Amino acid sequence: MRLLRAFPSRLALALCGLAASAFVPSIAFADTYPSKPITLMVGYPPGGSTDLTGRALGVELSHRLGVPVIIDNIGGAGGVIGAQKVANAAPDGYTLLLGANNEVAISKLVNASVRYEQKDFTPIGLVASQPLVLVAAPAAGVKNAGELLALLKKNPGKYSYGSSGVGTSLHLAGEMLKQQGGVAMTHVPYRGVAPLTNDLLGGNIDFGMFVLSSALPYIRSGKMVALGTTEARRSAITPDLPALGETPALQRMDIGVWFALMGPAKLPEPVLARLKKALDETLQSPDFRKKMEATSSVVPLAPLDIDRFLVTETAKYRNIVQFANIKE
């Protein structure tokens, strides 16, 4: 009887010991992370808006985490190749992704061959965003979104707009405009912004959807006419440019490009908490905000619920993809 009474106590002690042994490494990991350089993957070549955001973020994170943050540019497939590498990485906090909405939320909706899902990442936080802008060639003869809609309704199917590729946020913005405005316009995909810019400046296409930072120099010089930015309100960077949503038929127009810090799925809670803290401090840095403003991006005023944000954004993109039957 004495042995029977003693057995539960010994079992409880053994279980407590196992629990403690599992808990100690977690505490140790929290205390020692990070202890070596962190790789921040950017799925685009150097020089673009995602890369510039990643490099500015890397400097800030390095300062706050006390280790080097190395930018690894792996271009290709609209950011998908770089994102896949992070999805496949060990969930130890040493391989992160500075991802844009294209590879994080849109690619899988338009391309069934993309192997990863959003659940293959741990969202850490939104870093910055900027609107897109719909522009016209001066020869097109329209100066605002209202005139554009009137022109398109009078000439259904006659005009085209260009974007930097099928399934990009720029393409989806053009289709959202068609959906909300009830107009027809042919999408012409280009292999990047440079050829689209050349064709619009050369008069080979009348309209184009650009990331704001790419078009702004041409808008300021008068070589392109800004018909409106694509977010719900005017950008703080360009308060002089109207938002497309100011036109009654387009009042639900709200789409842009954003950049989020992501890790592989199952990132340990202590590591996630450390990275969130470093990111939150970065977002409050006046120097970081100035760097983002110089690239036409805006930093969120306060940390937002990144999980809810991704659900809302993905639902928005899914609606547009289904409306336009976009497939890559």
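All of these numbers come straight from a predicted model, not from anything done at the bench.

Draft legend 1. A look at the overall build of the chain. Along its length, the chain carries eleven helices and nine strands. Along the three orthogonal principal directions, the C-alpha set of the chain runs to about 95 × 40 × 30 Å. Classification of the 328 residues of the chain by burial places 49% in the buried group. Of the contacts made within the chain by residues no fewer than 6 positions apart, 78% connect residues no fewer than 24 positions apart. Accessible area of the chain: about 15300 Å², with a carbon and sulfur share of 57%.

Draft legend 2. Here's a closer look at the environment of Ile81. Looking at the element boundaries, Ile81 is found in helix 3 (residues 80-88). Among the residues examined, Ile81 registers a relative accessible area of 39% and is labelled partly exposed. For the pair Ile81 and Asn101, spaced 20 residues apart in the sequence, the C-alpha separation amounts to 14 Å. Setting aside residues no more than four positions away along its own chain, Ile81 makes contact with Ile74, Gly75 and Gly76.

Draft legend 3. Structural context of the side chain of Ser169. Along the chain, Ser169 turns up in helix 6 (residues 169-181). Residue classification places Ser169 among the buried residues on the basis of a relative accessible area of 1%. If we ignore the near neighbours within four places in the chain, the residues touching Ser169 are Asn101, Asn102, Ile106, Leu132, Ile255, Gly256 and Val257.

Draft legend 4. How the structure looks around the pairing of strand 8 (residues 225-229). Of all the five residues making up strand 8, four are buried; the element is thus mostly covered by neighbouring parts of the structure. Two strands pair when backbone bridges link them, and strand 4 (residues 121-136) and strand 8 are joined in this way by four bridges, in the antiparallel orientation. Bridge pairing in strand 8 links Ala136 to Val225.

Draft legend 5. Broad picture of the pattern of salt bridges. One pass over the full model with this rule turns up ten salt bridges. Here Asp120 makes a salt bridge to Lys119, at a shortest N to O gap of 4.0 Å. Overall, Asp120 belongs to the partly exposed group, its relative accessible area being 22%. Salt-bridge contacts for Asp287 lead to Lys291; the nearest nitrogen and oxygen are separated by 3.6 Å. Of this pair, Asp287 and Lys291 both sit in helix 10 (residues 286-294), four residues apart, roughly one helical turn. Each member of the salt-bridge network shares a partner with another, and the members are Glu60, Arg64, Lys277 and Glu281.

Draft legend 6. Structural view of the pairing of strand 6 (residues 186-189). Bridging between strand 5 (residues 160-163) and strand 6 involves four bridges; their strand directions are parallel. Within strand 6, the position partnered with Ser160 by the bridge is Thr186.

Draft legend 7. Representation of unusual backbone geometry in the model. A cis amide bond, omega -5 degrees, links Tyr33 with the succeeding residue Pro34. For Pro34, the position within the fold is in the loop between helix 1 (2-32) and strand 1 (38-42). A positive phi angle, near 60 degrees, is found at Ala77, a position not held by glycine. Considering the arrangement of structural elements, one finds Ala77 in the loop between strand 2 (69-73) and helix 3. Although it is not a glycine, Lys266 sits at a positive phi angle of roughly 65 degrees. On the secondary structure map, Lys266 appears in the loop between strand 9 (256-264) and helix 9 (269-283).

Draft legend 8. Focus on the packing of helix 6 against helix 11 (residues 306-324). Helix 11 packs onto helix 6 with a crossing angle of 70 degrees between their chain directions and a minimal axis gap of 10 Å. In this view, helix 6 runs roughly perpendicular relative to helix 11, as classed from their interaxial angle. Every residue of helix 11 that contacts helix 6 at Leu172, Glu175, Met176, Lys178 and Gln179 is listed here: Lys316, Tyr317, Asn319, Ile320, Val321, Phe323 and Ala324. For the contact of helix 6 with helix 11, a count of residues per class yields seven nonpolar, two polar and three charged.

Draft legend 9. Main features of the side chain of Ser107. Mapped onto the elements, Ser107 comes out in helix 4 (residues 101-110). Using a relative accessible area of 9% as the deciding quantity, one classes Ser107 as buried. For Ser107, the residues in contact, after removing those within four places along its chain, are Val80, Asn102 and Val114.

Cut-offs used in this document
- One numbering rule holds for all chains: residues counted from 1, following each sequence as written.
- This being a predicted model, a pLDDT of at least 70 is required before a residue's local features are given, and a value of 80 or more before pairs of side-chain atoms are given or counted; all residues contribute to the totals for chains, interfaces and linings.
- Hydrogens and waters are ignored; side-chain quantities use all the structure's heavy atoms.
- Runs of E in the DSSP output that reach at least two residues are strands. Runs of H or I that reach at least four are helices, and both are numbered from the N terminus.
- Summary of the burial criterion: residues with accessible area below 20% of their type's maximum are buried, those above 50% are exposed, and those between are partly exposed, where the area comes from a 1.4 Å probe applied to protein chains only.
- Here, two residues are considered to be in contact whenever any of their heavy atoms come within 4.5 Å of each other.
- Only the protein chains shown count as covering a residue, and every accessible area follows the Shrake-Rupley method with a 1.4 Å probe.
- Should DSSP find at least two bridges between two strands, the strands are regarded as paired.
- Salt bridges, as used here, are contacts in which a Lys or Arg side-chain nitrogen is within 4 Å of a carboxyl oxygen on Asp or Glu.
- Angles here are taken between N-to-C directions and fall from 0 to 180 degrees, while the axes themselves are lines fitted to C-alpha atoms, restricted in helices to the stretch in contact.
- Between 65 and 115 degrees an angle is taken as roughly perpendicular, under 35 as roughly parallel, over 145 as roughly antiparallel, and anywhere else as oblique.
- The classification used treats Ala, Val, Leu, Ile, Met, Phe, Trp, Tyr, Cys and Pro as nonpolar, Asp, Glu, Lys and Arg as charged, and all other residues, Gly among them, as polar.

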